[in-house]
Structures are given as structure tokens and as C-alpha cells.
Amino acid sequence: MSDPVTSSPAGSAGGPTSEETDREVASGTRQALEQAASKYNKALLIAAVGGLAALVVLAIFGYADAGLLLCVGLGLGVVNSMLVQRSLATSIERGEPDRKGLTLGMLKRLVIVSAVAFAIAIVYPPHGWFVFLGLATFQMLVMTMVFGSLVREVRRG
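Here's what I pulled together on the structure shown here.

Scoring rules and cut-offs
Residues numbered from 1 in each chain as written. Predicted model: local features only at pLDDT ≥ 70, side-chain atom pairs only at ≥ 80, totals over all residues. Heavy atoms only, no water. Helix = DSSP H or I, 4+ residues; strand = E, 2+ residues; numbered from the N terminus. 1 Å grid on protein atoms, 1.4 Å probe; cavity = no way out; pocket = protein on both sides within 12 Å on 5 of 7 lines; lining within 4 Å. Points joined across faces, edges and corners; volume = space filled by probe spheres on them. Nonpolar A, V, L, I, M, F, W, Y, C, P; charged D, E, K, R; others polar. Polar contact = N/O pair within 3.5 Å; in protein donor to acceptor, adjacent residues only side chain to side chain. Contact = heavy atoms within 4.5 Å. Axes fitted to C-alpha atoms, helices over the stretch in contact; angles between N-to-C directions. Parallel < 35°, antiparallel > 145°, perpendicular 65-115°, else oblique. Left-handed = near helix turned anticlockwise from the far one by under 90°.

Overview of unusual backbone geometry
And then number 1: Following Pro125, the chain continues into Pro126 via a peptide bond in cis, with omega recorded as -5 degrees.
And then number 2: Residue position: Pro126 is located in the loop between helix 3 (99–123) and helix 4 (130–156).

Observations regarding the layout of surface pockets
And then number 1: The computed volume of the largest pocket comes to approximately 950 Å³.
And then number 2: In terms of lining, the largest pocket is formed by 29 residues, of which the most central are Ser81, Val84, Gln85, Leu88 and Phe147.
And then number 3: Mapped onto the lining of the largest pocket, the elements with two or more residues apiece are helix 1 (18–60), helix 2 (64–93), helix 3 and helix 4.
And then number 4: Among the elements that line the lining of the largest pocket, the one with the most residues is helix 4, at nine residues.
And then number 5: Residues that form the lining of the largest pocket fall into these classes: 22 nonpolar, six polar and one charged.

Focus on the side chain of His127
And then number 1: Assignment of secondary structure puts His127 in the loop between helix 3 and helix 4.
And then number 2: Polar contacts involving the side chain of His127 include one to the side chain of Asp65, which spans 3.2 Å.
And then number 3: Those residues in contact with His127, other than ones at most four positions away along the chain, are Tyr63, Asp65, Ala66 and Leu69.

Description of the packing of helix 2 against helix 3
And then number 1: Running from amino to carboxyl end, helix 2 crosses helix 3 at an angle of 165 degrees, the nearest separation of the two axes being 11 Å. Classified by the interaxial angle, the pair formed by helix 2 and helix 3 is roughly antiparallel. Handedness of the helix 2/helix 3 crossing: right-handed. Facing helix 2, whose interface residues are Leu69, Val72, Leu76, Asn80, Leu83, Val84, Ser87, Leu88 and Ser91, helix 3 presents Leu102, Met106, Arg109, Val113, Val116, Ala117 and Ile120.

In C-alpha cells form, the structure reads like this:
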């Protein structure tokens with residue numbers, strides 16, 4: 001039976017130390033975040049190309065205003081997601097993120113973006129609702145691409 005005081009440290013018998021485990025977790029987290037950022041950039045590109053294609057197709061059928069409003073909705077989604085990213089980055093740089101503050105900030109942005117979309121929908125009938133379609137399309141695109149990628153990484157890791 002070995003004496004706990006004189007026996008070798010935990011990691012020297014072949015098992016990883018807590019420091020090595022922390023480095024592996026940090027490396028895995030960094031890789032997952034880099035992959036999520038790559039997927040986010042692809043989502044932005046898909047949204048831009050999809051918006052342009054929708055604008056062209058709708059314009060061909062005589063609904064250029066609907067296509068433009070769809071693109072405005074996509075743009076509102078992009079602006080909202082960039083503001084969320086900036087808020088998260090600022091919170092992380094300060095140290096421990098404040099979940100309550102982040103949640104309230106996201107809710108405020110959601111209310112503002114929704115109010116802007118609602119105002120546009122009222123001002124531009126009958127195709128104003130295309131703003132909401134663009135906004136929802138962008139949110140679903142980001143959710144499926146970015147969060148789907150993160151969930152796969154977490155399950156794999």
C-alpha cells in the first residue's frame with residue numbers, strides 16, 4: 001500500500017493532470033468557437049445571396065417592393081446578430097459575463113428590432129410582412145448553421 005504523501009503526483013502515472021485537461025477543454029472550446037464563427041460567416045453569405053436572388057425573382061414577377069422588404073428583414077437580422085456578438089464580446093472582455101444583463105440586453109434589442117419591423121410592415125402594406133419573413137429566415141439560418149455545429153461539437157467532445 002503506498003503512502004499518499006510519498007507517492008507520485010496524480011498525473012505522472014500516465015493519467016492527465018487537471019492542467020492538461022483544462023488545456024484540452026480550452027482547445028476544444030476554441031475549435032468549436034472557430035467552427036461556429038466560420039458557419040456564421042457562411043450564414044451571412046447565404047443570407048446575402050438568398051436575399052439578392054429573392055429580390056431578382058420577385059422583381060421579375062412584379063413584386064420588387066416585396067423583395068426589397070425581404071432584404072430589409074434579412075438586414076435587420078444581421079444587425080441584431082452583430083449587436084449580440086458585440087455585447088457578448090464586451091461582456092467576456094470585462095471578465096465574468098453577467099447573464100441577467102446579457103439577457104435584458106438581448107430582450108431590448110429584440111423589442112427594438114421587432115418594433116422597427118412592425119413599423120415598416122404598417123408603412124408598406126400589403127407587402128410589409130416580408131420584413132418579418134426576412135428576419136425570421138435569417139434567424140432560422142443562423143440557428144441551424146451555428147448552433148447545429150456547436151451541438152455536434154459538444155456531443156463529439
